[in-house]
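Coordinate analysis (summary)
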Amino acid sequence: MTADELIQRLKTLPPESTVLVEGYETGYDDIVDLKPMEVVRYRKAREWDGEYSSVDKFAENRGKTIPATVILGRRGNLR
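The paragraphs below set out a description of the structure included in this document. (Residues numbered from 1 in each chain as written. Predicted model: local features only at pLDDT ≥ 70, side-chain atom pairs only at ≥ 80, totals over all residues. Heavy atoms only, no water.)

So, the sheet that holds strand S3 (residues 52-54)
A sheet is described by the order of its strands in space; here four strands give the open sequence S1-S4-S2-S3, paired in mixed fashion. Each edge of the sheet is formed by a strand with only one pairing partner; in this case those strands are strand S1 (18-21) and S3. Direction aside, neighbouring strands of the sheet carry axes that sit 50° apart on average. Here strand S2 (residues 31-41) pairs with strand S4 (residues 66-73) via eight bridges, running antiparallel. Bridged to Asp33 within S4 is Leu72. Sheet strands touched by helix H1 (residues 3-11): S1, S2 and S4. Its angle to S2, the strand with the most contacts, is close to 40°. (Pairing = 2+ DSSP bridges. Helix = DSSP H or I, 4+ residues; strand = E, 2+ residues; numbered from the N terminus. Axes fitted to C-alpha atoms, helices over the stretch in contact; angles between N-to-C directions. Contact = heavy atoms within 4.5 Å.)

Take a look at the structure:
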């Protein structure tokens, strides 16, 4: 994805939107998509964890959900 393509996609989001990137592991990938999802702050995150996690990982006592857009890399599904 080029910078212009990313900018055009981001312009469609509300200005106050939380935008996240996939975390952990090494190297870099091309951006392939932006995915809307509900997340929660992961209060007990270790240094290898992201600061947020998808709602489905916390079935109980998940706290306040945050609408976010996640920038997905080509091989992010392998993480």
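Looking at the pairing of S4
Pairing of S1 with S4 involves four bridges; the strand directions are parallel. By the bridge assignment for S4, Leu20 is matched with Val70.

Some words on the side chain of Ser54
With respect to the helices, strands and loops of the structure, Ser54 is situated in strand S3. Taking relative accessible area as the criterion, Ser54 reaches 16% and is therefore assigned buried. Beyond its immediate stretch of four places on either side in the chain, Ser54 contacts Met37, Glu38 and Val39. (Buried < 20%, exposed > 50% of the residue type's maximum accessible area, 1.4 Å probe, protein only.)

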